[in-house]
Amino acid sequence: MAKKNKIENQKTKDLKQFETDASGKVMTTNQGLKVNDTNNSLKSGERGSTLLEDFLLREKITHFDHERIPERIVHARGSGAHGHFELYKSIPEYSKAGIFNDTERKTPVFVRFSTVAGSKGSPDLARDVRGFAVKMYTEEGTWDLVGNNMPIFFIQDAMKFPDLVHSVKPEPHREIPQAASAHDTFYDFVSHATETLHNQIWAMSDRAIPRSLRMMEGFGIHTFRLINDKNESHFVKFHWKPKLGVHSVTWDEAVKINGADSDFHRRDLWDAIDSGHFPEWELGIQVVAQEDEHKFEFDLLDPTKLIPEEMVPVQIIGKMQLNRNPENFFAETEQVAFLPGHIVPGIDFTNDPLLQGRLFSYRDTQLSRLGSPNFHQIPINRPIGEVHNNQRDGHMQMDIPKGQTAYFPNTLGGGCPHLAKMAEGAFHSYEERIDAKKIRTRSESFSDHFSQPALFYRSLASWEKQHVTEAYIFELGKCTQKRIKERMLWLIAQIDTDLAKNVSKGLGLKIPKEIDQPINQAIGADADVKNHQPPKKKNYLDSDPALSQANTKFDSIETRQIAVLVADGFSMSDFSAKKKALEKEGAMLKLIAPHGGMVVSDDNTEHEVDAAIMTTESVLFDAVYIPGGKKSMQGLMKESKFKKFINEAFKHCKTIAADHEGEELLDKTFVANYNDDKAILINEKPATLIKSIAQHRNWDRMQIAAQVPA
Ligand code: HDD
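Named according to an unreviewed UniProt entry, the chain is Catalase originating from Bizionia myxarmorum. Its UniProt record, at the heading Catalytic activity (unreviewed entry), says of the chain: "2 H2O2 = O2 + 2 H2O". Under Function (unreviewed entry), UniProt gives the following word-for-word description of the chain: "Decomposes hydrogen peroxide into water and oxygen; serves to protect cells from the toxic effects of hydrogen peroxide."

The subject of this paragraph is the site of the ligand. In the neighbourhood of the ligand, 22 residues make up the surrounding shell, with R72, R112, R358, Y362 and Q366 lying closest. R72 is positioned with one of its side-chain polar atoms (N or O) 2.7 Å from an oxygen atom of the ligand. Y362 has a polar side-chain atom sitting 2.6 Å from a nitrogen atom of the ligand. Elements represented by at least two residues in the shell around the ligand include exactly strand 3 (130-138), strand 4 (141-148) and helix 9 (353-369). When residues in the shell around the ligand are grouped by element, the largest group, six residues, is from helix 9. Taken together, the residues that form the shell around the ligand break down as 11 nonpolar, eight polar and three charged.

Attention shifts here to the sheet that holds strand 17 (residues 655-658). Spatial strand order, 15-12-11-16-17-18: six strands in an open sheet with parallel pairing. Bordering the open sheet on either side are strand 15 (611-612) and strand 18 (680-682), each of which pairs with just one other strand. Alignment of strand 11 (residues 561-565) against strand 12 (residues 588-593), held across five bridges, turns out to be parallel. Within strand 12, the residue paired with I562 across the bridge is L589. On top of the sheet, helix 17 (residues 641-651) reaches strand 11, strand 12, strand 16 (623-626), strand 17 and strand 18; it is set at about 145° to strand 11, its chief contact.

Inspection of helix 7 (residues 264-274) places F264, H265, D268, L269, A272 and I273 among the buried residues, and these make up the whole buried set. The buried residues of helix 7 occupy an angular sector of 155° when projected down its axis, which confines them to one face. G276 sits one or two positions beyond helix 7 and adopts a positive phi of about 85°.

The domains assigned to the chain are domain 1 (43-180 + 209-381), domain 2 (449-550) and domain 3 (554-705). Inter-centroid distance (C-alpha atoms) of domain 1 to domain 3 is 36 Å. At the interface, 18 residues of domain 1 touch 19 residues of domain 3. For the domain 1 and domain 3 pair, buried surface summed over both sides reaches about 1,500 Å², with 58% attributable to carbon and sulfur atoms. For the domain 1 face of the interface with domain 3, the top three residues by lost area are H247, E253 and H277, together amounting to 32%. Our count for the contact surface shared by domain 1 and domain 3 stands at four salt bridges. Of the charged contacts in the structure, one is a salt bridge between R697 and E253, with a shortest N-O distance of 2.7 Å. Our count for the contact surface shared by domain 1 and domain 3 stands at eight residue pairs in polar contact (both at pLDDT 80 or more). At the level of secondary structure, the elements contributing two or more residues to the side of domain 1 that touches domain 3 comprise helix 6 (251-260) and helix 7. Broken down by element, the side of domain 1 that touches domain 3 gets its largest block of residues, five residues, from helix 6.

Bringing the environment of F446 into the picture now. Of note, F446 is situated in the loop between helix 9 and helix 10 (451-459). C-alpha separation for the pair F446 and T304, spaced 142 residues apart in sequence, amounts to 8.6 Å. Apart from residues no more than four positions distant in its own chain, F446 is found in contact with Q156, D299, L301, D302, P303, K305 and P353.

When the UniProt feature table is mapped onto this chain numbering, "binding site: heme" (unreviewed entry) sits at R72, R112, F161, R358, Y362 and R369. Turning to its location among the elements, R358 is positioned in helix 9. Relative to the helices and strands, R369 is located in helix 9. Take R369: its relative accessible area is 4%, and that puts it in the buried class. Discounting residues that sit within four places of it in the chain, R369 has contacts with I69, P70, R72, E334, Q335, V336 and A337.

Another aspect to go through is the packing of helix 3 (residues 161-168) against helix 4 (residues 184-192). Where helix 3 meets helix 4, the closest approach of the two axes is 6 Å, and the angle between their N-to-C directions is 145°. Of the residues in helix 4, those touching helix 3 at D163, L164, S167 and V168 are T185, F186 and F189. Each residue belonging to the contact of helix 3 with helix 4 can be placed in one class, and the counts come to four nonpolar, two polar and one charged.

Here we take up unusual backbone geometry. As a rule of thumb, non-glycine residues mostly have phi less than zero, and peptide bonds are mostly trans rather than cis. At the junction of I176 and P177, the peptide bond is cis and its omega measures out at -5° in the coordinates. In this structure, P177 sits in the loop between helix 3 and helix 4. Cis geometry is adopted by the peptide bond preceding P417, which originates at C416 and carries an omega value of -5°. Positive phi is not limited to glycine here, since N231 has a value of about 60°. As for its position among the elements, N231 is in the loop between strand 6 (224-227) and strand 7 (233-242). By relative accessible area, N231 is classed as partly exposed at 38%.

Below, the discussion takes up the UniProt feature "domain: Catalase core" (unreviewed entry) in the chain. This chain's UniProt record puts "domain: Catalase core" (unreviewed entry) on residues 28-416. As annotated, residues 28-416 has a helix share of 20% and a strand share of 19%, and its two end C-alpha atoms lie 41 Å apart.

A word on the nonpolar core. Within the largest apolar cluster, 61 residues are counted, with the highest numbers of intra-cluster contacts made by Y187, I201, Y472 and L476. Residue assignment for this core shows that the elements contributing at least two residues are helix 3, helix 4, helix 5 (197-203), helix 10, helix 11 (462-477), helix 12 (482-495) and helix 13 (497-507). At seven residues, helix 12 tops the list of elements feeding residues into this core. Taken together, domain 1 (43-180 + 209-381) and domain 2 (449-550) each give at least three residues to this core, which thus spans both. With near-sequence residues (within four places) excluded, L476 lies in contact with Y187, K485, M488, I492, V503 and L507. Of all hydrophobic cores here, the second largest spans 38 residues; its members include V134, M216, W240 and V344.

Calculation rules
- Residues numbered from 1 in each chain as written.
- Predicted model: local features only at pLDDT ≥ 70, side-chain atom pairs only at ≥ 80, totals over all residues.
- Heavy atoms only, no water.
- UniProt positions renumbered as here; feature names shortened; annotations may be inferred.
- Near = heavy atom within 4 Å.
- Polar contact = N/O pair within 3.5 Å; in protein donor to acceptor, adjacent residues only side chain to side chain.
- Helix = DSSP H or I, 4+ residues; strand = E, 2+ residues; numbered from the N terminus.
- Nonpolar A, V, L, I, M, F, W, Y, C, P; charged D, E, K, R; others polar.
- Pairing = 2+ DSSP bridges.
- Contact = heavy atoms within 4.5 Å.
- Axes fitted to C-alpha atoms, helices over the stretch in contact; angles between N-to-C directions.
- Buried < 20%, exposed > 50% of the residue type's maximum accessible area, 1.4 Å probe, protein only.
- Arc of directions from axis to C-beta.
- Domains from an automatic or database assignment.
- Buried area = accessible area lost by both parts, 1.4 Å probe.
- Salt bridge = Lys/Arg side-chain N within 4 Å of Asp/Glu carboxyl O.
- Core = buried A, V, L, I, M, F, W, Y, C linked by side-chain atoms within 4.5 Å.

Here it is, written out as structure tokens:
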């Protein structure tokens, strides 16, 4: 089959000039010298000492010695892909940006998804926020929208970012725990910085353990500005809405997936693109008129607040598709540098103090991570348009700027590069009127830290609330300090009393009437804590349906992984009917057998086994199907892991289907005790199976499933 993942765009064509391909080529040194031995160093005599003269050895080893660069200080673990963005409808009334006006364009993009806290090699299913960074190579310059999969952030001012990160990263004395927020230092910080509570409760929800990077939303988080050609400003929040809906795994699965396949998300993204199932997100905008800036109960500049979609609807304006895997992980995914400061005419910043600090941090970090102010010349980071200015030299200068002048103004270089006129599309910062005193403080309008966590919790379905409760019990249960847990319980009680009661039961602790140190004096010297932690709660909206995954899309089984449990003698007629229908909808069927190699169906045809039962786990699949066949059942029953496989699928509320004798295997598992379950399908039509898998999970089963000791 022709590789569908080789879709080209202007940027991938640009990258081609830097690609090298060794197929059919002779090995050389970095100087182009042909090499005939790369296994033996040059010695004085066969057993003799190695000679300093050996330039081949020195070149090879020196390069190896220096082939690592510092990992990202946060978001170190990530996966990327190429694709494009296209606009459905122009929005000239809001923005003059080319990508928001030209519906004919396909703007190349490179997207990198990431976890936040873990190191580069940490497992994908950590309970964590996911980074969602989009680099748009627009004709007017590169625009980076460096967001997350949650619409708000932990802190309100960039000044606190190092403290936040130091608290969640492994504790400094013993570098434990890796890629986990469940430890004392994080909750010590969170419980003393109540602005974190909103993002914190999102991180306790299913959003922090996505089923796939392709099944999560993305958010620009900050309020940005859109600027039209009359230089008028509108406030805007950016949303990415996945075509496949927002779906998650359970915590029990996450823990097990991390062991079974710690690259689960990376592999899933790669495989989907490789097989031509290109993930897509629609771009939505929430627009607020300049004059409405102060009409909300919260401050638009506060990045710990979202604008409920019930209050300002999301307008869908375009679509992004990821359709090409990188050629080389290091060159592209590792070296890509996202900077929130990369904007284009038609988009501008607001005074959000978190955004303002980010504008400094990202450029700065690339200097130590990529090692040179010329990091923009690395192929993945080059814009698609031409670059001309008087910045010169520096480590690893790749360009050869011609001419006598490197300053402005000049006459010797004909005045070039000359300044752009506004009519030519020059960038011009929005002329915001500012009349203020210089002051190191936080606005009183940022003070409400409890209303939105409460709105989020109220908006969840009961199964989502249960997951949040269990997440808090797990996370706080891992803390060793009673006073930190109690402080958290008190704070959770300010969000929702029932939630706090349920968490307190799990922790075996009482919710304190007052916390050990009154919150306003907890850290006496810190004016910030003093002034900005009032436990007041407003209720300006009962619930916002967009916040719950119960209201996402359930209309597709594309790329869903279906485990088909078979041994020799399985029923071909059962199997082929289901296979045809499921594959037509884009599902991926995998044959799991007692052994590797081939398995023979009851019509004597051979089928390649995708995984021997010993090499795979139930948690890697979305649903289980067992075709009939007497002999096949005998084969499956001999290997007890098949029963474990089914019990786990049952525990994780997945669809389980069986035809004819397949039911006999189910009878040997916990499934046998529960006839009345809408996602246990015996001898059902393929259409019923498809509908059930599209529901993602049968959460009605949750209470029963919790009793399964799998
Ligand atoms: Fe950040 C990386 C997202 C606040 C400082 N951040 C980074 C990445 C994402 C985000 C997705 C990975 C980009 C990639 O894939 O290369 N960060 C966010 C969001 C924030 C946020 C959505 C709040 C709304 N970040 C934030 C603050 C600071 C930083 C307030 C510093 C003051 N972030 C960084 C960084 C990183 C980074 C240290 C590490 C690697 C990099 O920048 O390139 O500069």
